[in-house]
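An overview of the molecular structure
Listed here are the chains, written in short residue letters.
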Amino acid sequence: MYLATTDAVAKASEKPTASEARRGRIAGPVLALGAVSLVTDISSEMVTAVLPLYFVLQLGLSPLQFGFLDGLYNGVTALVRLAGGYAADRGGRHKLVAGGGYALSALSRLGLLLAGGATAGIGAALAADRVGKGVRTAPRDALISLSSPPDALGRAFGVHRAMDTTGALLGPLAAFALLWATADAYDAVFIVSFCFGLLGVLMLVAFVPGPQEQATPKPPDHPAAPRAKALDLLRVPAFRRVLYAASLLGAATIGDAFLYLLLQRRLDFAIAWFPLLPLGAAAVYLLLAVPAGRLADRVGRRVPFLAGHLALLGGYVLLLAPTDGRPLLIGVLLLLGVFYAATDGVLMALAAPFVPSERRAGGMAVLQTGQALARLVAAAGFGAAWTLWGVGPALTCAVAALAVAIAGAAVLLPRTEKPGTEAPRTEVRRTEVPRTEKPYTKKSRTERSS
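It should be emphasised that the depicted structure is a prediction, and the values quoted were computed from it without experimental measurement. (Residues numbered from 1 in each chain as written. Predicted model: local features only at pLDDT ≥ 70, side-chain atom pairs only at ≥ 80, totals over all residues. Heavy atoms only, no water.)

Side note on the overall build of the protein
Operational definition: We count a stretch as a helix when DSSP gives it H or I for four or more residues in a row; a strand needs E for two or more, and each element gets its number in order from the N terminus. For the exposure calls, accessible area comes from a 1.4 Å probe over protein chains only, and a residue counts as buried if that area is under 20% of its type's maximum, exposed if over 50%, partly exposed in between. Whether two residues touch is decided by their heavy atoms; if any such pair falls within 4.5 Å, the residues are in contact. The method behind every accessible area is Shrake-Rupley, applied with a 1.4 Å probe, and residues are considered shielded solely by the protein chains displayed.
Helices and strands together make up the secondary structure of the protein, namely 18 helices and 0 strands. Counting all 450 residues of the protein, 52% fall into the buried class. In the protein, 87% of the contacts between residues at least 6 apart in sequence involve partners at least 24 apart. When the accessible surface of the protein is summed, it comes to about 20300 Å², and 64% of that surface belongs to carbon and sulfur atoms.

Spelled out as structure tokens, the structure:
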């Protein structure tokens with residue numbers, strides 16, 4: 001078991017960032033990373049918004065095929081998250097590793113453009129985009145946590161996620177405008193998406209500082225593989241419980257694209273409006289991300305995290321209910337936005353204090369990997385259930401699975417988690433030094449006086 005000293009954590013909390021947080025300010029690196037994420041999300045969401053429409057309605061894929069691709073789109077990051085987190089921690093190269101991930105995602109837009117209508121080419125480009133996201137996400141979140149005091153992590157992640165979601169709002173709008181202006185020319189979407197992705201990389205290089213609290217770490221005598229480091233992190237009981245709870249909930253969370261397809265199926269609106277559906281959830285997320293982070297810092301991050309999944313459960317139930325028209329549309333998008341506001345950044349803020357600062361990126365990568373793999377299973381499972389049994393039975397199974405997962409997560413999540421908790425210490429085995437003194441014997445008064 002590695003030694004988790006609190007020295008590095010103390011350095012982060014003693015920085016000027018802590019005093020700025022007490023005055024209500026957010027650290028500069030957090031704002032810079034938020035701006036990078038805003039621009040990058042415009043690029044990403046321009047493509048994401050049109051994928052369900054492109055795959056199901058234009059290419060004619062079945063729900064099972066789309067479920068597999070959607071799961072692959074979100075789950076392939078698990079192959080590189082651990083390596084990216086380990087590389088960032090090992091040399092303190094959080095900015096460099098994150099920048100490589102942003103650059104790969106930007107280049108993947110050119111891959112979509114060159115692929116044309118070839119399914120294999122599109123799949124390869126999507127895989128490259130997800131690899132880039134997998135490489136950059138853990139180092140980026142580690143930079144956010146290392147730049148903020150422990151008692152303000154919820155607010156810091158909330159501000160970043162709010163800026164990130166602003167890009168998620170603008171991306172579908174840009175895609176919708178381009179498709180309308182160019183008569184469904186997907187190539188135009190891919191070109192503009194690439195330009196925004198490249199701008200995000202340049203902003204990262206120019207405005208995001210590296211983790212100054214980390215000097216170049218001394219390499220270990222026997223370097224361990226990323227897998228071994230991941231296993232070490234699993235020995236921290238509180239972190240392990242958070243990982244298990246997040247993975248359990250992820251295995252019962254179907255993809256957003258399925259919810260949007262179900263809304264289009266129920267309401268039967270024109271497919272030209274489909275790319276605008278994510279805007280409703282993103283708007284709610286944008287409004288509630290910072291308040292949810294502040295609330296998590298005050299009352300503990302466990303309660304908002306569970307409440308967010310209860311909101312998602314409400315969205316599933318609403319799709320099963322006989323509700324129709326605007327109440328259905330507004331209700332589902334509202335609950336989906338509440339879900340993300342109360343869980344996305346809050347989960348990172350919940351787990352970060354349980355991971356030593358010198359292993360922060362690796363810990364984030366382990367958590368995100370578990371969640372991504374679980375959601376891959378959920379997407380493929382729901383797609384199979386929809387294909388084999390129909391929409392109603394598939395949704396019923398999703399409701400039951402999520403309800404059970406919430407109950408299980410309530411038991412698993414650490415109940416002692418409090419805002420500002422530092423990374424736990426691990427016991428150090430002390431080497432016993434043999435004593436050289438003579439055994440005590442009763443001495444005479446004369447001997448003692450001499």
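Section: helix H12 (residues 256-267)
How we decide: To estimate the expected span of a helix, subtract one from its residue number and multiply by 1.5 Å.
The first and last C-alpha atoms of H12 sit 17 Å apart over 12 residues, in line with the 16 Å expected at 1.5 Å per residue. If you check which residues of H12 are buried, you get Ala 257, Phe 258, Leu 259, Tyr 260, Leu 261, Leu 262, Leu 263 and Gln 264. Positive backbone phi, at 55°, marks Asp 268, one or two positions downstream of H12.

Looking at the pattern of salt bridges
Working definition: two side chains of opposite charge can pair if their charged atoms are close together. Keep this limit in mind: The salt bridge definition used is simple: a Lys or Arg side-chain nitrogen within 4 Å of an Asp or Glu carboxyl oxygen.
With the rule as written, the count across this model stands at 6 salt bridges. The partner of Arg 130 in a salt bridge is Asp 129, and the shortest N-O contact between them spans 2.7 Å. The residues Arg 130 and Asp 129 share a single accessibility class, namely buried. A network of salt bridges, in which partner residues are shared, links Arg 140, Asp 141, Arg 161 and Asp 344.

With respect to the packing of helix H11 (residues 237-250) against helix H15 (residues 326-351)
How two helices sit against one another is set out by the angle between their axes and by the gap between those axes. Here is the rule: All axes are obtained by fitting lines to C-alpha atoms, using only the stretch in contact for helices, and the reported angles, taken between N-to-C directions, cover 0 to 180 degrees. By definition in this entry, angles of less than 35 degrees are roughly parallel, angles greater than 145 are roughly antiparallel, angles of 65 to 115 are roughly perpendicular, and the rest are oblique. For this classification, Asp, Glu, Lys and Arg are treated as charged, while Ala, Val, Leu, Ile, Met, Phe, Trp, Tyr, Cys and Pro are nonpolar and the rest, including Gly, are polar.
With their axes 10 Å apart at the nearest point, H11 and H15 run at an angle of 160° to one another. By the criterion of interaxial angle, the relationship of H11 to H15 is roughly antiparallel. For the pair formed by H11 and H15, the contact residues are Phe 239, Val 242 and Ala 246 on the first element and Leu 347, Leu 350 and Ala 351 on the second. Here the contact of H11 with H15 is composed, by residue class, of 6 nonpolar, no polar and no charged.

A short note on the nonpolar core
Short version of the rule: Definition used in this section: a nonpolar core is a set of buried Ala, Val, Leu, Ile, Met, Phe, Trp, Tyr and Cys residues joined via side-chain atoms within 4.5 Å.
Phe 239, Leu 367 and Phe 382 are the most contacted members of the largest nonpolar core, which has 86 residues in total. When residues in this core are grouped by element, the largest group, 13 residues, is from H15. Within the second largest apolar cluster, 16 residues are counted, among which are Ile 42, Ala 175, Leu 178 and Tyr 186.

Observations regarding the packing of helix H6 (residues 94-115) against helix H9 (residues 186-207)
Rules: For any pair of crossing helices, the crossing counts as left-handed if the nearer helix is rotated counterclockwise from the farther one by less than a right angle, and right-handed if it is rotated clockwise.
Put simply, H6 and H9 touch, their axes get as near as 8 Å, and they point 165° apart. Comparing their axes, H9 and H6 come out roughly antiparallel. Relative to H9, the crossing made by H6 is left-handed. Of H9, the residues touching H6 (which contributes Lys 95, Ala 98, Gly 99, Tyr 102, Ala 103, Ala 106, Leu 107, Arg 109, Leu 110, Leu 112 and Leu 113) are Asp 187, Phe 190, Ile 191, Ser 193, Phe 194, Gly 197, Leu 198, Val 201, Leu 204 and Val 205. Looking at the contact of H6 with H9, its residues break down into 15 nonpolar, 3 polar and 3 charged.

Observations concerning the packing of aromatic side chains
Aromatic rings in a pair are described by how distant their centres are and how their planes are angled relative to each other. Short version of the rule: Two aromatic rings, drawn from Phe, Tyr or Trp (for Trp, its six-membered ring), form a pair once their centres lie within 6.5 Å of each other, and the interplanar angle then sorts them: stacked below 30 degrees, edge-to-face above 60, tilted otherwise.
A complete count under the given rule lists 5 aromatic pairs for this structure. An aromatic cluster is defined as three or more aromatic residues linked by ring pairs; in this entry it consists of Phe 258, Phe 382 and Trp 386.

Examining the confidence of the model for the protein
Applicable threshold: A residue's pLDDT is the predictor's confidence in that residue, given on a scale from 0 to 100.
For the protein, the average pLDDT comes to 79, and 74% of its residues sit at 70 or higher. Low confidence marks residues 1-23, where pLDDT is under 50. Its contacts with residues over four positions away, or in another chain, come to 43 contacts.

Topic: H15
Put simply, the rule reads: Take the seven residues that end at a residue and the seven that start at it, fit an axis to each, and the angle between those axes is the bend at that residue.
Over its 26 residues, H15 runs 37 Å from end to end, which matches the ideal 38 Å to within 8%, given 1.5 Å per residue. Most pronounced at Gly 345, the bend in H15 amounts to some 25°.

So, a nonpolar patch on the surface
What counts, and what does not: The residues that make up patches have over 30% relative accessible area and no salt bridge, and they are joined within 9 Å when like-charged or within 5 Å when they are Val, Leu, Ile, Met, Phe, Trp or Tyr.
On the surface, a nonpolar cluster with roughly 260 Å² of combined accessible area is contributed by Leu 295, Val 299 and Val 303. With respect to the helices and strands, Leu 295 occurs in helix H13 (residues 277-299).

What to know about the environment of Ala 127
Relative to the helices and strands, Ala 127 is located in helix H7 (residues 119-146). Judged by relative accessible area, Ala 127 falls into the partly exposed class, the value being 23%. Spatially, the C-alpha atoms of Ala 127 and Ser 108 are 8.5 Å apart, while their sequence positions differ by 19 residues.

Things to note about the side chain of Ser 105
On the secondary structure map, Ser 105 appears in helix H6. What Ser 105 contacts, discounting residues up to four positions off in sequence, is Asp 129, Gly 132, Lys 133 and Arg 136.

Points about unusual backbone geometry
A positive phi angle is found at Asp 268, which is not glycine, with a value near 55°. Of the residues examined, Asp 268 reaches a relative accessible area of 61% and is grouped as exposed.

Quick word on the side chain of Gln 368
Summarising the element assignment, Gln 368 is placed in helix H16 (residues 360-389). Overall, Gln 368 belongs to the buried group, its relative accessible area being 7%. In this structure Gln 368 touches Arg 81, Thr 137, Ala 138, Asp 141 and Met 348, once residues within four positions along its chain are discounted.

Topic: the environment of Val 80
For Val 80, the location among the structural elements is in helix H5 (residues 78-91). Along the sequence, Val 80 and Val 135 sit 55 residues apart, while their C-alpha atoms lie 6.0 Å from each other. Aside from chain neighbours lying at most four places away, what touches Val 80 is Val 131, Gly 134 and Val 135.

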